[in-house]
Amino acid sequence: MRLPILLTLICALFSGCKTEKKPHPTFYYWKTVYSQNKTEQQYLEKMQSRSLYVRMMDIDLSPDGQQAIPISPITFKESVPQQVNIIPVVYIVNNILNVTDSTALKTLASKIAVFVQAKVQQAGKKDYQELQIDCDWTKTTKDRYFYFLEQLKKLPQLRNKEITVTLRLHQVKNIESSGIPPVKKAMLMCYNMGNLRKYGPQNSILDQAEMNLYLKDHLKNYPLALDVALPLFKWAVIFRNKQYAGISKRLQPNQLQDKNMFKKLEQPLLYQLLVDLPQAGLKKNDIVRWEHITTKQLLQTADFLSAYLPSTEFNLTFYHLDEQLLNDFKYDDLQKVIHRF
């Protein structure tokens, strides 16, 4: 028996052999102003990133609730690097789909296409090849959302471009009720998977138990090609009288170590505020759950996805490209994550 045939049979018999995967590392850029940053550009260059996912705007309802409008559109102070392709991303608030009819959705698709093309040119690019729509659609909004995606695909200026979507864990597990979006590729969002508003010591950003529950028995059979997004971000989740009170963006991790300001509770991740902290919008006795991501967690997630992800070649996208977040992850740390695939 020839050696190649023998090796093939051995791999078929033992689960230790797996298909080699080829991730292409890149980032999301999720700020309202794009400007060159030395550290951020170095990460793009070292990783040889071929593309960059850039959030263009959010789409939400106007204050009178009558129409969908752009929220916080990005401004380009400088051009995206020449060697990096831009992938524009538009985030659509799911609730607008409940109150937007087919005519309005068709109009919205046309407006988005025009807006995105103008922003791409502001970014110093002549054109783009992929438009990503980010929406956490549900059972009740899927029909309108899928109709909206079809309208995008029909637009003359988008016919030669690929329309892709983001995909949450619950949409993988509950495929019968969530449906399959009418696209060829989706970005699997491996973060924000826990109950953010529930009081307790859980990390709502990344939870391996939740991944097992939602993906282990379902991911391999998902019918679309999949890219992967992993988190680098951190945040302070605030509870007042054990009720969710929001996220504080002004609280810094070093403040949590100040024993005159915070008391560390026995439960992991939880801190009790000992004084009023008006500059951060906090009051005495508020509980802070400090959620962050470690390299160890990312490696565990990479191992899991390597075993169950159906795609062999995909974009591995870190959320997001920001110098303050990158300070927590050395370049070598991210390379270890990439190589675990």
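These lines cover the structure that appears in this document, whether it is placed above or below.

Criteria and cut-off values
Residues numbered from 1 in each chain as written. Predicted model: local features only at pLDDT ≥ 70, side-chain atom pairs only at ≥ 80, totals over all residues. Heavy atoms only, no water. Helix = DSSP H or I, 4+ residues; strand = E, 2+ residues; numbered from the N terminus. Rg over C-alpha atoms; globule rule 2.2 N^0.38 Å. Buried < 20%, exposed > 50% of the residue type's maximum accessible area, 1.4 Å probe, protein only. Contact = heavy atoms within 4.5 Å. Areas by Shrake-Rupley, 256 points an atom, 1.4 Å probe, with all protein chains shown as cover. Lys, Arg positive; Asp, Glu negative; His and termini not counted. Charge placed at Lys NZ, Arg CZ, Asp CG, Glu CD. Pairing = 2+ DSSP bridges. Axes fitted to C-alpha atoms, helices over the stretch in contact; angles between N-to-C directions. Phe/Tyr/Trp six-rings, centres within 6.5 Å; stacked < 30°, edge-to-face > 60°. Salt bridge = Lys/Arg side-chain N within 4 Å of Asp/Glu carboxyl O. Parallel < 35°, antiparallel > 145°, perpendicular 65-115°, else oblique. Left-handed = near helix turned anticlockwise from the far one by under 90°. Nonpolar A, V, L, I, M, F, W, Y, C, P; charged D, E, K, R; others polar. Core = buried A, V, L, I, M, F, W, Y, C linked by side-chain atoms within 4.5 Å.

Secondary structure summary: the protein contains ten helices and 16 strands in total. Here the C-alpha radius of gyration of the protein, 22 Å, is about what a compact globule of 341 residues would show, namely 20 Å. Expressed along its principal axes, the backbone C-alpha trace of the protein runs to roughly 70 × 60 × 45 Å. Scored against the burial criterion, the 341 residues of the protein give a buried share of 49%. Sequence-distant contacts in the protein: of pairs separated by 6 or more residues, those separated by 24 or more amount to 74%. Accessible surface, the protein: about 17600 Å² in total, of which carbon and sulfur atoms supply 49%. With 45 positive and 32 negative side-chain charges, the protein shows a separation of 1 Å between the mean positions of the two kinds.

What follows deals with the sheet that holds strand β11 (residues 235–240). Spatial strand order, β12-β11-β15-β14-β13: five strands in an open sheet with antiparallel pairing. A strand with exactly one partner marks an edge of an open sheet, and here the two such strands are β12 (243–248) and β13 (262–264). On average, adjacent strands in this sheet sit at an angle of 30° to one another, irrespective of strand direction. In terms of strand pairing, β11 meets strand β15 (residues 287–291) through five bridges, oriented antiparallel.

The next point concerns the packing of aromatic side chains. In this structure the tally under the stated criterion is 19 aromatic pairs. Summarising the aromatic geometry, the rings of Tyr-28 and Tyr-53 are spaced 5.2 Å apart at their centres and angled 50° between planes, so their arrangement reads as tilted. Residue Tyr-28 is located in strand β1 (residues 22–29), and its partner Tyr-53 is located in strand β3 (residues 51–61); the two are separated by 25 residues in the primary sequence. A relative accessible area of 0% means that Tyr-53 is categorised as buried.

Glancing now at the pattern of salt bridges. For the structure shown, the criterion picks out twelve salt bridges. Close ionic contact of Asp-227 with Lys-185 constitutes a salt bridge, the shortest N to O distance being 3.2 Å. Here the residue Asp-227 occupies a position in strand β10 (residues 225–231), and Lys-185 occupies one in strand β9 (residues 185–189), the gap between them amounting to 42 residues. The same class applies to Asp-227 and to Lys-185, which are both buried. Salt bridges sharing common partners tie together Lys-31, Glu-40 and Asp-322.

Two numbers describe a pair of packed helices, the interaxial angle and the distance between the axes. Where helix α7 (residues 208–215) contacts helix α8 (residues 295–308), the axes come no closer than 11 Å and their chain directions differ by 15°. The angle between α7 and α8 places the two elements in the roughly parallel class. Like other packed secondary-structure pairs, α7 and α8 cross with a definite hand, here right-handed. Touching Gln-208, Met-211, Asn-212 and Leu-215 of α7 are Gln-300, Thr-301, Phe-304 and Leu-305, all from α8. In terms of residue class, the contact of α7 with α8 is built from four nonpolar, four polar and no charged.

Before going further, it helps to examine the environment of Asn-241. When you line up the elements, Asn-241 lands in the loop between β11 and β12. On the accessibility criterion, Asn-241 (71% relative accessible area) is exposed. For the pair formed by Asn-241 and Ser-177, sequence separation is 64 residues and the distance between their alpha carbons is 36 Å.

This brings us to the side chain of Asp-58. Within the fold, Asp-58 resides in strand β3. Once residues lying within four places of it in the same chain are set aside, the contact partners of Asp-58 are Ile-69, Pro-70, Ile-71 and Tyr-91.

Between α8 and helix α10 (residues 331–339), whose axes approach to 8 Å, the crossing angle comes to 15°. For the element pair α8 / α10, the angle class is roughly parallel. Handedness of the crossing formed by α8 with α10: right-handed. Residues Thr-295, Leu-298, Leu-299 and Ala-302 of α8 pack against Asp-333, Lys-336 and Val-337 of α10. When the residues that make up the contact of α8 with α10 are grouped by side-chain class, the tally is four nonpolar, one polar and two charged.

A separate point is the side chain of Thr-317. Mapped onto the secondary structure, Thr-317 falls in strand β16 (residues 313–319). Exposure remark for Thr-317: the relative accessible area of 0% places this residue in the buried category. Apart from the residues lying within four places of it in its own chain, the contact partners of Thr-317 are Thr-26, Phe-27, Tyr-28, Tyr-53, Met-187, Val-228, Ala-229 and Leu-230.

With 97 residues, the main nonpolar core has Phe-27 and Phe-148 as its most contacted residues. In terms of residue count, the dominant contributor to this core is helix α3 (residues 102–122) (seven residues). With residues up to four places along the chain from it excluded, the contact list for Phe-27 reads Tyr-43, Leu-44, Met-47, Leu-52, Tyr-53, Leu-232, Thr-317, Phe-318, His-320, Leu-321, Leu-326 and Leu-334. If you look at the next biggest cluster of nonpolar residues, it comprises 13 residues, including Phe-262, Tyr-271, Val-288 and Trp-290.

Our focus in this paragraph is unusual backbone geometry. In this chain, Tyr-319 is followed by His-320 through a cis amide linkage whose omega measures 0°. In this fold, His-320 is placed in the loop between β16 and α9 (323–326). The phi angle at Leu-269 is positive, at roughly 75°, despite the residue not being glycine. In this structure, Leu-269 sits in the loop between β13 and β14 (270–273). We classify Leu-269 as partly exposed; its relative accessible area is 21%.

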